[in-house]
Each structure stands twice: as structure tokens, then as C-alpha cells.
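Tertiary structure, described
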Amino acid sequence: MKTRTVGPFTVSAIGLGCMNLSHAYGVPPSAEQGEKVLRAALDSGVTLFDTAALYGFGANETLVGRVLKSHRQEITLCSKGGMAGVTGDDGVTRRVIDGRPESIIRNCEDSLRRLQTDVIDLYYLHRWDKKVPIEESTGALSRLVEQGKVRTIGLSEVSAGTLRKAHAVHPITAVQNEYSLWTRNPEIAALDACQELGIAFVAFSPVARGFLCDAVHDVTTLEAKDIRRTMPRFEPANHERNLKLLPAYKALAREAGCTPAQLALAWLLHKRDFIVPIPGTTRVDHLQEDLAAGDVKLEPGLLQRLEALVNEKTVAGNRYSEQSNREVDAETF
Ligand SMILES: NC(=O)c1ccc[n+]([C@@H]2O[C@H](COP(=O)([O-])OP(=O)(O)OC[C@H]3O[C@@H](n4cnc5c(N)ncnc54)[C@H](OP(=O)(O)O)[C@@H]3O)[C@@H](O)[C@H]2O)c1
């Protein structure tokens, strides 16, 4: 397994996004299946694991903590706070963005308990809470470092401007934003800011939530709770148009001697040497396929044709609904 650098950590060039084991794409797999995927990742040399307080409203951290605790020294454990499940008076738990310092500290302490560890290696602010200055939320993350509860800090779904403000309060180790062939926002400014400041870029949803794996054929069959149902790119009319990109995309994958999923991941690894993609999967065979992308070599000519084929202009529909867009940093550049 090739490696990359994330602040003080040397990590596998491809990490594991653990969210999918408890959250997001319909009914999550059983705990046994989740454990199988996590153990297969360990056995295959994955050393960067990504979770969050939000995922399964704590269930994902509980699973990750239980399975990975005996390997704690071998891995870089990453989690996130500032967006978590909050149970209201009606007994219903809802996702709440809350970047107030006291909430971030409480989220982190809850995460430490669920993860069965004394310290989280990389702790992100999951969303910038626009009601709280980024400097205040970053100050809380900084206090967690002082208290020895987290080793380093990161931000998720932030623009270059917000990153610079936060970095002035406390050094930021990693930015975790969506980045893939069909979501190119980071190319506007966030990637350059990371390069300039020596910050790692962790690319989430790197295989386009399954689209670039040729895994989403009929959106009407997605489960009711699958979050793709709320995403404009997966609305039937847009998806129909996007599917038309796939035959040429799959031909490029064949030319590169890899699978469609591997092409999406290899492209990210070729873009900059400080990018670490974190694909998510519920299946061991998909995990093995994704990890093998680290060995795929893409020629400059093929990279050019690939980028011309799949980019934000050739894709139909926005990545987020209007409501979700309001929750992320203005444009997430
Ligand atoms: N910071 C944030 O706000 C944020 C937001 C979203 C995600 N994330 C993180 O990023 C991670 C990955 O993002 P994501 O899960 O949204 O998107 P993704 O990794 O782009 O796509 C995941 C989807 O692709 C499928 N897939 C993966 N490899 C495949 C393969 N080789 N062949 C066929 N299908 C494949 C998975 O299905 P199968 O289960 O069938 O393999 C799953 O439905 C998450 O786990 C989470 O840790 C962070």
C-alpha cells in the first residue's frame, strides 16, 4: 500500500470512509458485515479511517471503536464534531449543526467514549456553523488539542477563505471536502490554499457516490432513506443525462487497464500528492477493488480526455439540494 502524508501522520494513500457502514445509502449493513469490511481494510493495509459523531447518530463511532480498538496504535483515527444527532422533546433525533465551543467539546468527549480511545488523531469541524465565527469554533478545537483529547484538527466543507481564517487561530492539518471528477469546486481555490499552507486534502465522495463505479443504474430503485434521492444529480431526468457519459468513461477505464471505480480514485491520486481519497463501501470486494487504484498509472493524454469528459459542466444537476447548499460554506471553494 502506497502512503501519503497528513500532518504528522503517514497514512495509506487511500483511506476508508466508514460512514456507509451505518448511514446514508439506505438501510445500513449488519454490524457483522461492517466488522468484516473494517477488518478487511486493516488486513489490506488501510491506516486512515474516517468517521463522525453524525454517522448513525453515534452508531458508526461505536462500531469503529469496537473493531479498531486493538489496532489503535497502527491507525490514524479521524472523526468529526459540530454536527451531530440531537434528541428533541418529542423523542426524535435530528441532525443539528452546532459549532458553539461548548457543543464541540461535548461532541468530542462523546466521540472519545464511543471510539474507546483517549485521543483522536485528526478531529474535524464537520460543518462551519454560520451562526458562530469560524475563529470561535477553531478555538474550541485548539483547546481539545491543548487538553490532549485530539492530536490535530481539520475542517470539512470549507472554502479557502474560511480555511485561512481558521488556520490563523490554530494550524489546520487537513481539509475534507467533496472532490471527484464530477465535483471540481476545490480546484477553484481550496486545493491551492492547502498546497500553500501545507495542509492535506481528504477527498470525500471520491467515486461520486457510486455513479463513477457504474453502480447506480436506476435511481427509482434507491431505498427511501438513501440520501442520493435528495441530490439533484440523481433526480431521474439529470441522472438519465449523466448516464450518457458512462460508455465513454468506461472505455477510458478499459484503456487505462482498470475498473471505473479505480479510474475515479486514480485520477484523484494523480491530481496532487497531498490528496487522500476516502471511498466508502459496504462490501469487501468493492474495498479491494478501490484500494488497488493506488497502483493505476494514468498517462497525461488520458487524464486530459478524462477531465474533458466528466466535469461540472458536462454533468447535469447540482451536487446538493438548495437546503443542503445553504448549510455548506458559501460556495465551498
Ligand atoms: N465530510 C463530509 O461532510 C462527508 C460527506 C460525505 C461523505 N464523507 C466521507 O467520505 C466517505 C466516502 O463518501 P461517500 O460514501 O459519500 O461516497 P463515495 O465513496 O464516492 O461512494 C460510495 C458509494 O459507492 C459505492 N462503491 C464504492 N466502491 C465501489 C466499487 N468498487 N464498485 C461499486 N460500487 C462502489 C458504494 O456502494 P457499496 O457499498 O455497494 O460498495 C457506495 O454506494 C464516507 O464514508 C465518509 O467517511 C464525508
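A short tour of the structure in this document, coming up.

The rules behind the values
- Residues numbered from 1 in each chain as written.
- Predicted model: local features only at pLDDT ≥ 70, side-chain atom pairs only at ≥ 80, totals over all residues.
- Heavy atoms only, no water.
- Near = heavy atom within 4 Å.
- Polar contact = N/O pair within 3.5 Å; in protein donor to acceptor, adjacent residues only side chain to side chain.
- Areas by Shrake-Rupley, 256 points an atom, 1.4 Å probe, with all protein chains shown as cover.
- Helix = DSSP H or I, 4+ residues; strand = E, 2+ residues; numbered from the N terminus.
- Nonpolar A, V, L, I, M, F, W, Y, C, P; charged D, E, K, R; others polar.
- Buried < 20%, exposed > 50% of the residue type's maximum accessible area, 1.4 Å probe, protein only.
- Pairing = 2+ DSSP bridges.
- Salt bridge = Lys/Arg side-chain N within 4 Å of Asp/Glu carboxyl O.
- Phe/Tyr/Trp six-rings, centres within 6.5 Å; stacked < 30°, edge-to-face > 60°.
- Lys NZ or Arg CZ within 6 Å of the ring centre and 35° of its normal.
- Right-handed = clockwise from strand over helix to strand, strands pointing away.

1. So, the site of the ligand
Around the ligand, 32 residues are found, and the nearest of them are Asn20, Tyr25, Thr281, Thr282 and His286. In this structure, an oxygen atom belonging to the ligand sits 2.6 Å away from a side-chain N or O atom of Thr282. Glu289 places a side-chain nitrogen or oxygen 3.3 Å from a nitrogen atom of the ligand. When isolated, the ligand has an accessible area of 900 Å², and the protein chains bury 92% of it. Here the shell around the ligand takes three residues from helix α10 (residues 284-291), the largest share from any one element. By residue class, the composition of the shell around the ligand is 13 nonpolar, eleven polar and eight charged.

2. Some details on the pairing of strand β8 (residues 120-125)
Among the six residues that make up β8, six are buried, leaving the element largely enclosed by the rest of the structure. Inspection of the sheet shows strand β5 (residues 76-81) paired to β8 by four bridges, in the parallel sense. Residue pairing in the sheet places Cys78 in a bridge with Leu122 of β8. One ladder, built from five bridges, connects β8 with strand β9 (residues 150-156); its direction is parallel.

3. Focus on the pattern of salt bridges
A full pass over the atoms with the stated rule returns 25 salt bridges. Its salt-bridge partner being Asp90, residue Arg94 comes within 2.7 Å of it at the nearest N-O pair. Taking the shortest distance from any N to any O, the salt bridge between Arg100 and Asp98 comes out at 2.7 Å. Take Arg100: its relative accessible area is 41%, and that puts it in the partly exposed class. Here the salt bridges share partners, and the residues they tie into one network are Glu157, Glu178, Arg209 and Arg319.

4. Looking at the packing of aromatic side chains
All told, the structure shown has four aromatic pairs when counted by the stated rule. Each ring, one from Tyr179 and one from Phe201, has its centre 5.8 Å from the other, and the planes form 80°; the classification is edge-to-face. Of this pair, Tyr179 sits in the loop between β10 (174-178) and α6 (190-197) while Phe201 sits in strand β11 (residues 200-204), placing them 22 residues apart in sequence. Of the two residues, Tyr179 and Phe201, neither departs from the other in class, the shared state being buried. These aromatic residues form a ring-pair network of at least three members: Tyr179, Phe201 and Trp267. The ring of Trp182 has Arg233 lying over it, and the distance from NZ or CZ to the ring centre is 4.8 Å.

5. Regarding unusual backbone geometry
One non-glycine residue, Phe57, lies in positive phi territory at about 50°. Tracing the backbone shows Phe57 in the loop between β4 (48-50) and α2 (59-68). The backbone of Ala208 sits at a positive phi, close to 60°, despite the residue not being glycine. Relative to the helices and strands, Ala208 resides in the loop between β11 and α7 (236-243). Here Ala208 falls in the buried class, since its relative accessible area comes to 0%.

6. Focus: the pairing of β5
Burial within β5 is extensive, with six of its six residues counted as buried. Burial along β5 is two-sided: the face carrying Thr76, Cys78 and Lys80 and the face carrying Leu77, Ser79 and Gly81 are both buried. Inspection of the sheet shows β4 paired to β5 by three bridges, in the parallel sense. Looking at β5, one finds that Leu48 is bridged to Thr76. Taking the sense of rotation as the criterion, the β-α-β connection linking β4, α2 and β5 turns out right-handed.

Keep in mind these values describe shape, not function.
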